[in-house]
Amino acid sequence: MIAAGRLAWPRCALDKDQHVPRSGALGQSFGRIHLCVFIPITHRSHKDAQLSTLAVQSWASEGLQREAGAHVRFISLASTAGTLLEPHTMYVPGDMDTDYMHLPMRIMKMWEYLGQRLADECDWYMKADPDSYVNLRAVSDRLSCFDAAQEHFLGVVHAAVPPRHMNWPALYFGHGGSGYVISRGLIPGVGRIAGPCLDDMIETTQGMAMEDVMFALCLKKKLKIEVQSYGYLLPSGPAVRRRIKEEEQEESFDEPRSADAQEFVVNFHQARDQLFESARTGLPLERMVFWDAQPPRLHGCIMVAHPVENASDLQQVHAIVSAHEAPKARGQKRRSARSSCVPSPIDLAEQAEVQLSAPGTTRKAFWSEAQLSSIARCFASAEGASPRCSWEATTDQCYGLRHFAPAKSSGDCATACCRSGMACRMFQFREDQGCWISDMDSCIVMEQVAEESLRWQGGVKVAG
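The residue numbers shown here count from 1 along each chain, following its written sequence. In keeping with the model being predicted, local features are shown solely for residues with a pLDDT of at least 70 and side-chain atom pairs are shown and tallied solely at 80 or more, while totals for entire chains, interfaces and linings include all residues. Hydrogens and waters are ignored; side-chain quantities use all the structure's heavy atoms.

## Section: the overall build of the protein
(1) Moving on: Regarding its fold elements, the protein presents 12 helices and 21 strands.
(2) Moving on: Each residue is placed in one exposure class: buried if its accessible area under a 1.4 Å probe, protein chains only, is under 20% of its type's maximum, exposed if it is over 50%, and partly exposed if it falls in between. The burial tally for the protein puts 54% of its 464 residues in the buried class.
(3) Moving on: When contacts within the protein are restricted to residue pairs at least 6 apart in sequence, those whose partners lie at least 24 apart make up 73%.
(4) Moving on: All accessible areas in this document rest on Shrake-Rupley with a 1.4 Å probe, and a residue is counted as covered only by the protein chains that are shown. Taken as a whole, the protein presents about 21,100 Å² of accessible surface, with 50% of it coming from carbon and sulfur. Each helix is a run of H or I in the DSSP string that is no shorter than four residues. Each strand is a run of E no shorter than two, and both are numbered from the N terminus. Any pair of residues with heavy atoms lying within 4.5 Å of one another is described as a contacting pair.

## Points about the confidence of the model for the protein
(1) Moving on: The predictor attaches a confidence to each residue, called pLDDT, with possible values from 0 through 100. Residues at a pLDDT of 70 or more form 83% of the protein, whose mean pLDDT is 85.
(2) Moving on: Long-range and interchain partners of residues 1–30, a stretch whose pLDDT sits below 50, account for 69 contacts in this model, where long-range means more than four residues apart.
(3) Moving on: Under a pLDDT of 50 for its full length, residues 328–332 has, in the predicted model, 20 contacts with residues more than four places off or in other chains.

## Re the sheet that holds strand β5 (residues 133–134)
(1) Moving on: In this analysis, strands are considered paired if DSSP registers two or more bridges between them. The mixed open sheet is built from 3 strands, whose spatial order is β5-β12-β11. In this open sheet, the two strands that pair with only one neighbour each are β5 and β11 (264–265).
(2) Moving on: As paired strands, β11 and strand β12 (residues 304–305) are joined by 2 bridges and run parallel to one another. Considered in β12, the bridge of V265 is made with A305.

## Description of the side chain of T89
(1) Moving on: With respect to the helices and strands, T89 occurs in strand β3 (residues 89–90).
(2) Moving on: The buried category is assigned to T89, whose relative accessible area is 0%.
(3) Moving on: Polar contacts, as counted here, are pairs of nitrogen or oxygen atoms within 3.5 Å of one another; within protein the pair requires one atom able to donate a hydrogen and one able to accept it, and residues that are adjacent in sequence qualify only if both atoms are side-chain atoms. Among the polar contacts made by the side chain of T89, one reaches the main-chain carbonyl oxygen of L85 at a distance of 2.7 Å.

## Regarding the state of the cysteines
(1) Moving on: Disulfides are defined as pairs of cysteine sulfur atoms found within 2.5 Å of each other. Counted under the stated rule, the structure contains 7 disulfides.
(2) Moving on: Between the sulfur atoms of C145 and its disulfide mate C378 the distance is 2.2 Å. Sign of the S-S torsion, about -70° for the bond between C145 and C378, identifies this disulfide as left-handed. Taken together, the residues span a long stretch of sequence, with C145 in the loop between α4 (136–143) and β6 (153–155) and C378 in helix α11 (residues 369–383) at a distance of 233 residues. For the pair C145 and C378, a shared accessibility class is recorded, and that class is buried.
(3) Moving on: Covalently, C389 is tied to C418 through a disulfide, its sulfur atoms 2.0 Å apart. Sign of the S-S torsion, about 90° for the bond between C389 and C418, identifies this disulfide as right-handed. With C389 in the loop between α11 and β15 (390–394) and C418 in helix α12 (residues 410–419), this pair connects stretches of sequence that are 29 residues apart.

## Details of the sheet that holds strand β9 (residues 180–183)
(1) Moving on: As summarised here, the arrangement of the 7 strands in space is β3-β2-β1-β4-β9-β6-β10, forming an open sheet in which the pairing is mixed. Every other strand in the sheet has two partners, leaving β3 and β10 (228–229) as the edge strands with one partner each.
(2) Moving on: Across 2 bridges, the pairing between β6 and β9 is antiparallel. When the bridges of β9 are listed, F153 appears paired with I182.
(3) Moving on: Lines are fitted to the C-alpha atoms to define the axes, a helix being fitted only along its stretch in contact, and any angle between axes, read from their N-to-C directions, falls within 0 to 180 degrees. Most of the contacts of helix α6 (residues 211–223) go to β9, to which it runs at about 30°, and overall it touches β4 (122–127), β6 and β9.

Have a look at this one:
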């Protein structure tokens, strides 16, 4: 599929004076590529060469790319002819050799090229770093839950907070090292604005900036598009640390802990030793209060780990993630391997309560209602026919349930709880209040309602 220095696409969008790529190592492809991962590398860094070479021998191997319906391309200025990277290298017209501080200039050039020349070649366009570990199958499966024809800017959401003396609002952005993703529906717009945004950036900062922040700012100002999550990550803070500690101290706890429900490791450099030790022993992580985040253990549903700065560590992370099964599903047996990494309705209801906040800007729901609906449909599709459950009817409103927005009827609500296995034991629905589900097996009544129109339709699970 690939000639030296060119990206081999099923339908090649090339200049008229370029040659069509010849067939190569990746074999025959058909139609649009589902996931395309682009990783800028520089000959200035010996580490980039090491990590990218190890990547194509591990997480970005040709076999795993085929399995995930993905292409991984390293964006280089220097020739990789005669190396393992040759079939996986892409050259961007107008690319320039910069230091790290001026990386946004390269990234904007990349997005301009992708949006203007390769806008219909991929469903999803992901930018990652050389020290990113990407679980291609997990990322590909999750993105398949969303409609690539719509406008999506997805990432591991962080907030850029200005200094206290500056009266600027914080900005939500997709963390560059953890990988941010643009849909096919949005990529033409990105290609159109990347050049003007680069001009603005050079004028205001001489190109010195954080590339992920500048990219998010560009999309927000020019297209009114803000980043959304595509996988679960706990917010940082003392309350989260306390919650994780309490769960890990419960010896009888046989459900996935809050930390292990996460799908990203964003501070591998801090937790490296503890992550490897936990993988070796099977014990919970020995957690440190100074960590920027409280990561999950390495498991099969990890989508991205960053920064993995040592080549041997990259191999070890890949080996652990590949060998480990997904975290035990809460109270249920997953019937589909594909659904093992998709949050169940009860998990989604819990995650939907999480909100991100930063000074000077509005709170941001972790999942939008549209995303909840998309992931819920993805879970149902992967699981197949709903299991049967029996219910003891309840009509009074109860305390302690979680809202599950995708369910629009009492039948949908009961199905959502049933699909969640024994992690969900109760559902309640009212037309004006929506669906509420919980792991409680008894009702703590908020109020008894005499008027029939205000009664709830619900039940406590007795079988299923």
